[in-house]
Amino acid sequence: MEEGWVMDKRNGRNRDAEGVELIRIRPHDTDMDYERQRVERKRAERARMERRRRKKKQRFQKRVAMVSMLVCTVLLGLGGIHFVKAGEASGIFGTGEVEEIEGESQSQEILGPVPMVPNEVLERETAEHEKPFIVIDPGHGGTDTGCSRNGVMESEINMQIANRLAGKLQGMGFETLLLREDDMTDVSLEERVERAEAEKADIFVSIHQNAYEEDVDDIQGIETWYYGESEGSRRLAELVHQGAVEKTGAVDRGVQNEQELYVLKNTSMPACLIETAFLSSRSDRSSIVTGDYQEQLAEGIAQGINTYFNPRTMYLTFDDGPSADNTTAVLDILKERNIKATFFVVGENVRKHPDVARRIVEEGHTIGIHCNNHDYKQLYKSVDSYLEDFQKAYDAVYEVTGVEAKLFRFPGGSVNAYNKTVGAEIIKKMTENGYIYFDWNASLEDAVKQSAPEALIQNAVSSTLGRKKVVMLAHDVVYNTTQCLEQLLDSFPEYEMKPLTVDVEPIQF
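All values derive from a computational prediction rather than experimental measurement.

Our focus in this paragraph is the overall build of the protein. Scanning the protein from terminus to terminus reveals 16 helices and 19 strands. Out of the 509 residues belonging to the protein, those deemed buried represent 49%. When contacts within the protein are restricted to residue pairs at least 6 apart in sequence, long-range pairs at least 24 apart make up 79% of them. With the model as given, the accessible surface of the protein reaches about 25500 Å², and the carbon-plus-sulfur share is 49%.

The next thing to look at is the sheet that holds strand β7 (residues 175–178). Picture the strands of a sheet paired through backbone hydrogen bonds; they go either parallel or antiparallel. The strand order across the open sheet built from 6 strands is β7-β4-β8-β11-β9-β10, with neighbouring strands paired in mixed fashion. The sheet is open, and its two edges are formed by β7 and β10 (252–257), each paired on a single side. Averaged over all neighbouring strand pairs, the angle between strand axes comes to 20°, with direction disregarded. By the bridge criterion, 4 bridges tie strand β4 (residues 133–138) to β7 in an arrangement that is parallel.

When you line up the elements, aspartate 384 lands in helix α13 (residues 383–401). Residue classification places aspartate 384 among the exposed residues on the basis of a relative accessible area of 59%. In the structure, aspartate 384 is positioned 42 residues away from isoleucine 426 in sequence and 8.6 Å away in space, judged by C-alpha atoms.

With that settled, consider the confidence of the model for the protein. The share of residues in the protein with pLDDT of 70 or more is 75%, and the mean pLDDT across the chain is 84. Below a pLDDT of 50 lies the segment residues 120–126, which in the model reaches 12 contacts outside its immediate sequence neighbourhood of four places, other chains included.

It is at 7 Å that the axes of helix α5 (residues 231–248) and helix α8 (residues 291–309) come closest, and there the two elements cross at 145°. As for the relative orientation of α5 and α8, their crossing is right-handed in sense. Residue-level contacts link Gly232, Arg235, Leu236, Leu239, Val240, Gly243, Ala244, Lys247 and Thr248 of α5 to Tyr293, Gln296, Leu297, Glu299, Gly300, Ile301, Gln303, Gly304, Ile305, Thr307 and Tyr308 of α8.

Of all 7 residues that make up strand β18 (residues 469–475), 6 are buried, and the element is covered over most of its length. Where strand β12 (residues 312–319) and β18 come together, 7 bridges link them in parallel fashion. Among the inter-strand pairings, aspartate 319 is bridged to a residue of β18, identified as histidine 475. For strand β17 (residues 442–443) and β18, the ladder comprises 2 bridges, and the chain directions are parallel. Its bridge partner being in β18, serine 443 is matched across the sheet by leucine 473. Handedness of the β-α-β unit built from β17, helix α15 (residues 453–464) and β18 comes out right-handed.

The next point concerns the nonpolar core. One finds Phe318, Phe343, Tyr386, Phe408 and Met472 to be the most contacted residues of the largest nonpolar core, which totals 52 residues. For this core, the leading source of residues is α13, giving 8 residues. Non-local contacts of phenylalanine 318, meaning those with residues more than four positions away in its chain, are made with Val330, Leu334, Ala341, Thr342, Phe343, Phe344, Ala474, His475, Asp476, Thr481 and Leu485. The next biggest cluster of nonpolar side chains, apart from the first, holds 39 residues, and it includes Ala166, Val205, Tyr226 and Ala237.

Next up on the list: the side chain of aspartate 320. Relative to the elements of secondary structure, aspartate 320 occurs in the loop between β12 and α9 (326–337). An unpaired buried charge is present at aspartate 320: no salt bridge exists, and arginine 409, the closest side chain of opposite charge, is 8.4 Å distant. In terms of polar contacts, aspartate 320 uses its side chain to reach the side chain of histidine 370, at 3.2 Å. Dropping the residues within four chain positions of it, aspartate 320 is found in contact with Phe344, Val346, Asn349, His370, His374, His475, Asp476 and Val477.

Turning next to α13. The first and last C-alpha atoms of α13 sit 27 Å apart over 19 residues, in line with the 27 Å expected at 1.5 Å per residue. Among the residues of α13, Val383, Ser385, Tyr386, Asp389, Phe390, Ala393, Tyr394, Ala396, Val397, Val400 and Thr401 are the ones counted as buried.

Following the criterion strictly, the structure yields 17 aromatic pairs and no others. Geometrically, the ring pair formed by phenylalanine 410 and tyrosine 437 is edge-to-face, given 5.4 Å between the ring centres and 65° between the ring planes. Of this pair, phenylalanine 410 sits in the loop between β15 (407–408) and α14 (423–432) while tyrosine 437 sits in strand β16 (residues 436–437), and the two are 27 residues apart along the sequence. Geometrically, the ring pair formed by tryptophan 440 and phenylalanine 509 is edge-to-face, given 5.0 Å between the ring centres and 75° between the ring planes. With tryptophan 440 in the loop between β16 and β17 and phenylalanine 509 in the segment after β19 (495–498), the pair connects residues that are 69 residues apart, well separated along the chain. Within the aromatic cluster, the residues linked to one another by ring pairs are Tyr376, Tyr380, Tyr386, Phe390, Tyr394, Phe408, Phe410, Tyr418, Tyr435 and Tyr437.

This part covers the pattern of salt bridges. Tallying each qualifying case throughout the model produces 18 salt bridges. One salt bridge in this structure joins glutamate 295 and lysine 168, with 2.8 Å as the shortest N-O distance. Here glutamate 295, found in helix α8, pairs with lysine 168, found in helix α3 (residues 154–171); they are 127 residues apart in sequence, far enough to count as distant. Residue glutamate 231 pairs with arginine 234 through a salt bridge whose shortest N-O separation is 2.3 Å. With glutamate 231 and arginine 234 both in helix α5 and 3 residues apart, this pair spans about one turn of that helix. Given the relative accessible area of 12%, arginine 234 is considered buried. Where salt bridges share partners, they join Glu231, Arg234, Glu238, Arg337 and Asp490 into one cluster.

Attention now goes to unusual backbone geometry. Note that the residue after glycine 321, namely proline 322, is joined by a cis bond; omega there is 0°. Along the chain, proline 322 falls in the loop between β12 and α9. Phi at glutamate 445 is positive, roughly 55°, even though this residue is not glycine. With respect to the element layout, glutamate 445 can be found in the loop between β17 and α15. For glutamate 445, a relative accessible area of 45% translates into the label partly exposed. The phi dihedral of leucine 465 is positive, around 55°, even though this residue is not glycine. Following the sequence through the fold, leucine 465 ends up in the loop between α15 and β18.

At a minimum axis separation of 9 Å, α15 and helix α16 (residues 479–490) run at an interaxial angle of 55°. Classified by the angle between their axes, α15 and α16 sit oblique to one another. In the crossing of α15 with α16, the sense of the turn from one axis to the other is right-handed. Facing α15, whose interface residues are Pro453, Leu456, Ile457 and Ala460, α16 presents Asn480, Thr481, Gln483, Cys484, Gln487 and Leu488. Grouping the amino acids of the contact of α15 with α16 by side-chain chemistry returns 6 nonpolar, 4 polar and no charged.

Reading the values: rules and limits
- Residues numbered from 1 in each chain as written.
- Predicted model: local features only at pLDDT ≥ 70, side-chain atom pairs only at ≥ 80, totals over all residues.
- Heavy atoms only, no water.
- Helix = DSSP H or I, 4+ residues; strand = E, 2+ residues; numbered from the N terminus.
- Buried < 20%, exposed > 50% of the residue type's maximum accessible area, 1.4 Å probe, protein only.
- Contact = heavy atoms within 4.5 Å.
- Areas by Shrake-Rupley, 256 points an atom, 1.4 Å probe, with all protein chains shown as cover.
- Pairing = 2+ DSSP bridges.
- Axes fitted to C-alpha atoms, helices over the stretch in contact; angles between N-to-C directions.
- pLDDT = per-residue confidence, 0-100.
- Left-handed = near helix turned anticlockwise from the far one by under 90°.
- Right-handed = clockwise from strand over helix to strand, strands pointing away.
- Core = buried A, V, L, I, M, F, W, Y, C linked by side-chain atoms within 4.5 Å.
- Lys, Arg positive; Asp, Glu negative; His and termini not counted.
- Salt bridge = Lys/Arg side-chain N within 4 Å of Asp/Glu carboxyl O.
- Polar contact = N/O pair within 3.5 Å; in protein donor to acceptor, adjacent residues only side chain to side chain.
- Expected span 1.5 Å × (residues − 1).
- Phe/Tyr/Trp six-rings, centres within 6.5 Å; stacked < 30°, edge-to-face > 60°.
- Parallel < 35°, antiparallel > 145°, perpendicular 65-115°, else oblique.
- Nonpolar A, V, L, I, M, F, W, Y, C, P; charged D, E, K, R; others polar.

Below is the structure:
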């Protein structure tokens, strides 16, 4: 950072000594001036539109009050007031169809009909939900049109994508609420948050577009925002972003932690805001106005939301510990993330580090047997040599922790170069004695010497193969494993981490 710059703690951006904001440049953004001008102009435009919106709302409220008084007076004089159901009112006041958006030089039939999805919340008397309830916020609207280029208005695009998303989510069995249902209604940021809170939404997803100050085609793509340190919001943002990028093939501009976006900062439920395109990019703009692209986008976001509520399962397992420093570092990270794992321990290490072994149990993790001494040749010399070694490890765990371990993992796995002649008989004996062994179907491959943290993460991600159930092999005595563990956990937002138990169907070679 150059002299005279200071870090603004409110949003993590740089400001100079006089308070002028110095915008961060992402690796793919080549012009700081463009970004600074865009932010400053957009803020000024939003402030101006907010003032206009408030004045318009005040005038409208006065007129409504006057008309209401007049109507009530007339109806009372005629003998009573008759209410009209919401469903009947649409026939009286019109359908409120969404207007088509002008594209570049494309024929307008490309967009196709945008589904108008009814708000299920209108007929619900309470905020109790039988299904996951999702609030969808089509950003801007009414007098606040957001950014625009070549006749393409952000507020209209947001509304179209939100309608498509609501339809797909309802088809998946979710309940949804659109915070606005047309492009004419002004809804303040405060009203959006208040409505989501009143409805006790499970998650909040806001749809927006992006724009640069000038038309720059190579600055394009999708970026997604969340607020604070909320694990739920971060995971939701990652899944929504991942789904949208994978379905559309758009440029991935990443997931960012933003401290100033009102709807993210003030909602109590997990929330994210996705900017699905740059209207200042001709390429993005020509895509976002088409029905096919909007369908892909909505499908990707919906899949991300579905995964959020219906995650796959990963059993994170650690072999060869405990150790004083590395296992402690692993336990610290898991505790901070509120994640439970499984530790297949070595008996000799349990006796060396009893406090660490006890902490594993006290913090709710599963403890299982790996071996007592990691000497493969001696261990697999015979069935009796294996059973003798296992008993020593079992006794160490019981004496130190009080746990009668039922799960175990063979050193080298149940099928390896050392147990070819005795493996089947060992499995038979151990099963007869009531023990359950677990192999794995994904691995960091961190037992290989001098493996860099980045390589370990890549190994783990590539070996999961999208499975619904993953038993991940790692080693808590390896320093580089502790160094990459947090990033590893962030790499699997689609998985819920659980400890192994006797009720879990084992993965076995």
